[in-house]
Amino acid sequence: MTEALLEIKDLKTWFKTDDGMVRAVDGVSMTIARGETLAVVGESGCGKTVTARSVLKLIDMPPGRFEAGQIVWRGRDLIPLPAADMDKIRAREIAMVFQEPMTSLNPVYTVGDQIAESLRTHHGLSRKESIDGAVEMLKLVQIPNAERRVHDYPHQFSGGMRQRVVIAIALACKPQLLIADEPTTALDVTIQAQILELLGDMKAKFGMAIMLITHAMGVVAENAQRVVVMYAGKVVEEAPVEELFGNPRHPYTQGLIRSIPRVDARTRGHARLEQIPGTVPSLLNPPAGCRFANRCRFATDPCRDSEPPLRQVAPNHKVACIL
Amino acid sequence: MSRDYLFRRILIAIPSLLGISLVLFTVLALAPGDPFGELVTNPNVPAEIRLALRAKFGLDDPVWIRYVRWLNAMLQGDWGFSFTSRMDVDTLIMQRLPTTVAVIGAAQILAIVVAIPVGVLAATRPYSLFDQIANTLAFVGFSLPTFFTGLLLILVFSIQLDWLPFVYRTDIRASGWQWWWEHIRQSIMPVTVLGLFQGASLVRYVRSSVLDVIKLDYVTTARSKGIGEPKVVTRHVVRNALIPVVTLVALQMPVVFGGAIVTEQIFRIPGIGSLLISSILANDTPVVMGVTFVFACLVVLFNLIADILYGWLDPRITFR
Ligand SMILES: Nc1ncnc2c1ncn2[C@@H]1O[C@H](COP(=O)(O)OP(=O)(O)OP(=O)(O)O)[C@@H](O)[C@H]1O
Ligand code: SF4
Ligand SMILES: [Mg+2]
């Protein structure tokens, strides 16, 4: 593996709630190398967003708190970093695209202002220069009539166009890492493909690394080099894309892969969309042992007794299962 | 904001004022007591003269005819005649209006200047000591009626300490700085009473609105840009949080005027509030009608201002 840009080590981000401690992220480790695309997959609620926000320290504290672990960015742990230093990393080195384009833009400022804001903060540009920069960014994310639209407000854009604006905001300061938290989940299928294509183009242009969070295995196959599979606040498998699809080791990963709708099946008249039966265990009092045990058809007593550690099964391929 | 929006708002204000004046007029016409009431009991006035006077002033015509007549006169600048003060109603009101506007205006400014920062600071540190103190004080200030705080202040600062005058005078015989100083001194207590009462509820509005906005997605987007928390709050939270507050403040205007009337009574401020009370006591219907109508105009005016502010704060308005 090449030089690690970001190294998350045994991160635990917990939330204190009235019902008790929600262990949303419970000992997650992953690394991203310069320029690579890492996909993070898992069902809704498994802790993908919390992991991503932890990296930029965008977790509300309280109720959230870093219980343990390190987030090492270019050799420096971000967790103890003071807010002022963190602000120099945000947008300039690590930027984020959010899940919900309809709500992630401020309704009372023009899109130009919102792109220009980071340019002014981090590059010390004047108002005029930063708006020119915003126009450039809008052109880059292929918004037609950028010179005119830079003065429009978010509500004058469609969902797909807004997500392009959000991407323009994120890329304005040319970060080295872009965290894209389900950037297409809220969009129409046709628009989804366009946004992913745009992200690919931007990556080709700027060469930044991408942490692509998704719950769609299809998106993973087409866009990432490596995959981390999360389940109930933990990493259960990690492998390069071809390895993961060719030789999935964890029963949960196998289930996820089977749940991809297949084109050949659909042409025969019925899509074979296999869902994994059962529900995710509560993160409040997670069961001892393997967290997937209640849904796993291979589960045996040892699985429930102790937690299977993440172990190396092939070069770059790790899995947390006793099988 | 487009000129169209403004124009539409002003157009809507006209029927509102007409409606309000019609209701006011009808209610006052139906209310017991009339300006000639004392003539009935006065043995020196013969019955024929009384009836002739009533006919001359059209007091026995149907309500709607009297309303149309009143409206017509009103539009030509004739607001009627005060039987008690022996002067034109409009002159009387114009004498007193500036004082009321100055006191209410200063109180509103005080309320806004105190409440917005306090509400924002409290909301950005929820459940902190500051938040709890602010909340408690706001609750107390909101619960205490103005007549109580007014009397309390008079008791402490005028009677015990003798720092401030407790009767408001318009006939201050001084000029230049001295004149201003006297005016400020006698305004301190009424403005404080009204301002803090207003400010107390405003703090609560601002706090809850900021709490609503601060957890929205676009605030997280703003934080992810590394612009620093103070800018996140002032640029991205406060402006959005003020949008609903503007509406609430406008809706509260009648309550403010109610408080102003009471405060004017307590501090004996010769404004239109105390004029209203004395004219009601004297059955001076034209003045009651005139003053209530001025209050109605002020409420409509403040709503208009709120609409304009609203359109300025929220660009989405213009396009609806
Ligand atoms: N502020 C919070 N307070 C309490 N619990 C929280 C908070 N934020 C997140 N959680 C919990 O953390 C868990 C993980 O949430 P997260 O948003 O990371 O899931 P996700 O994998 O991103 O799911 P999705 O695909 O739906 O976006 C959830 O169970 C959620 O209830
Ligand atoms: S450890 Fe056991 S229960 Fe967990 S995934 Fe593997 S086989 Fe299934
Ligand atoms: Mg999520």
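Check the entry above for the structure.
What you see is a predicted model, and the numbers here were worked out from it, not measured in a lab.

Chemist: Describe the overall build of chain B, and please don't skip the residues or the numbers.
Modeler: When its secondary structure is counted, chain B shows twelve helices and two strands. Of the regular secondary structure in chain B, the N- to C-terminal order runs α-α-α-α-β-β-α-α-α-α-α-α-α-α. Projecting the C-alpha coordinates of chain B onto the three principal axes gives extents of approximately 85 × 55 × 35 Å. Looking at chain B as a whole, 40% of its 320 residues are labelled buried. Partitioning the intrachain contacts of chain B with sequence separation of at least 6 by distance along the chain shows that 71% fall at a separation of at least 24. Entry remark: accessible area of chain B is about 17,200 Å², with carbon and sulfur atoms responsible for 70%. Side chains of chain B give 25 positive and 20 negative charges; the mean places of these two sets differ by 10 Å.

Chemist: So what's going on with the sheet that holds strand 6 (residues 94-97) of chain A? Which residues, and what values?
Modeler: Residues and elements named next belong to chain A. If you trace the eight strands from one edge of the open sheet to the other, you get 6-7-8-3-9-10-12-11, paired in mixed fashion. In this open sheet, the two edge strands, each paired with only one partner strand, are strand 6 and strand 11 (311-314). Neighbour to neighbour, the strand axes of the sheet diverge by 20° on average, direction disregarded. The pairing of strand 11 with strand 12 (residues 317-319) spans three bridges and is antiparallel.

Chemist: Could you give me a rundown of the nonpolar core, with the residues and numbers involved?
Modeler: All names here are of chain A. Counting 38 residues, the largest nonpolar core has Val97, Ile115, Leu138, Val165, Ile167, Leu171 and Leu178 as the members making the most contacts within it. Only strand 6, helix 3 (111-123), helix 4 (127-140), helix 6 (159-171), strand 7 (177-181), helix 7 (189-206) and strand 8 (209-214) provide two or more residues apiece to this core. Among the elements that take part in this core, helix 6 stands out by supplying seven residues, more than any other. The residues touching Val165, leaving out its near neighbours within four places in the chain, are Leu105, Val111, Leu138, Ile143 and Phe157. Of all hydrophobic cores here, the second largest spans 37 residues; its members include Leu5, Val50, Phe66 and Ile71.

Chemist: Explain the site of ligand 1 to me, and be specific about the residues and the numbers.
Modeler: Residues and elements named next belong to chain A. Residues in contact with ligand 1 amount to 15 residues; listed here are only the nearest, Ser44, Gly45, Thr49, Val50 and Glu182. Cys46 places a polar main-chain atom, nitrogen or oxygen, 3.3 Å from an oxygen atom of ligand 1. Within the side chain of Thr49, a nitrogen or oxygen atom sits 2.6 Å from an oxygen atom of ligand 1. Its free accessible area being 630 Å², ligand 1 has 68% of it covered by the protein chains. Elements with a minimum of two residues in the shell around ligand 1: strand 1 (4-17) and helix 1 (48-55). Take the shell around ligand 1: its biggest share by element is three residues, from helix 1.

Chemist: For the coordination of the magnesium ion (ligand 3), give the residues involved together with the corresponding values.
Modeler: All names here are of chain A. Surrounding the magnesium ion (ligand 3) are the protein donor atoms Thr49 (OG1) and Gln99 (OE1), which sit 1.8 to 2.8 Å from the metal. Of this pair, Thr49 sits in helix 1 while Gln99 sits in the loop between strand 6 and helix 3, placing them 50 residues apart in sequence. According to the relative accessible area criterion, Thr49 is partly exposed, its value standing at 25%.

Criteria and cut-off values
- Residues numbered from 1 in each chain as written.
- Chains lettered and ligands numbered in written order.
- Predicted model: local features only at pLDDT ≥ 70, side-chain atom pairs only at ≥ 80, totals over all residues.
- Heavy atoms only, no water.
- Helix = DSSP H or I, 4+ residues; strand = E, 2+ residues; numbered from the N terminus.
- Buried < 20%, exposed > 50% of the residue type's maximum accessible area, 1.4 Å probe, protein only.
- Contact = heavy atoms within 4.5 Å.
- Areas by Shrake-Rupley, 256 points an atom, 1.4 Å probe, with all protein chains shown as cover.
- Lys, Arg positive; Asp, Glu negative; His and termini not counted.
- Charge placed at Lys NZ, Arg CZ, Asp CG, Glu CD.
- Pairing = 2+ DSSP bridges.
- Axes fitted to C-alpha atoms, helices over the stretch in contact; angles between N-to-C directions.
- Core = buried A, V, L, I, M, F, W, Y, C linked by side-chain atoms within 4.5 Å.
- Near = heavy atom within 4 Å.
- Polar contact = N/O pair within 3.5 Å; in protein donor to acceptor, adjacent residues only side chain to side chain.
- Donors = N, O, S within 2.8 Å, 3.2 Å for Na, K, Ca; no water.

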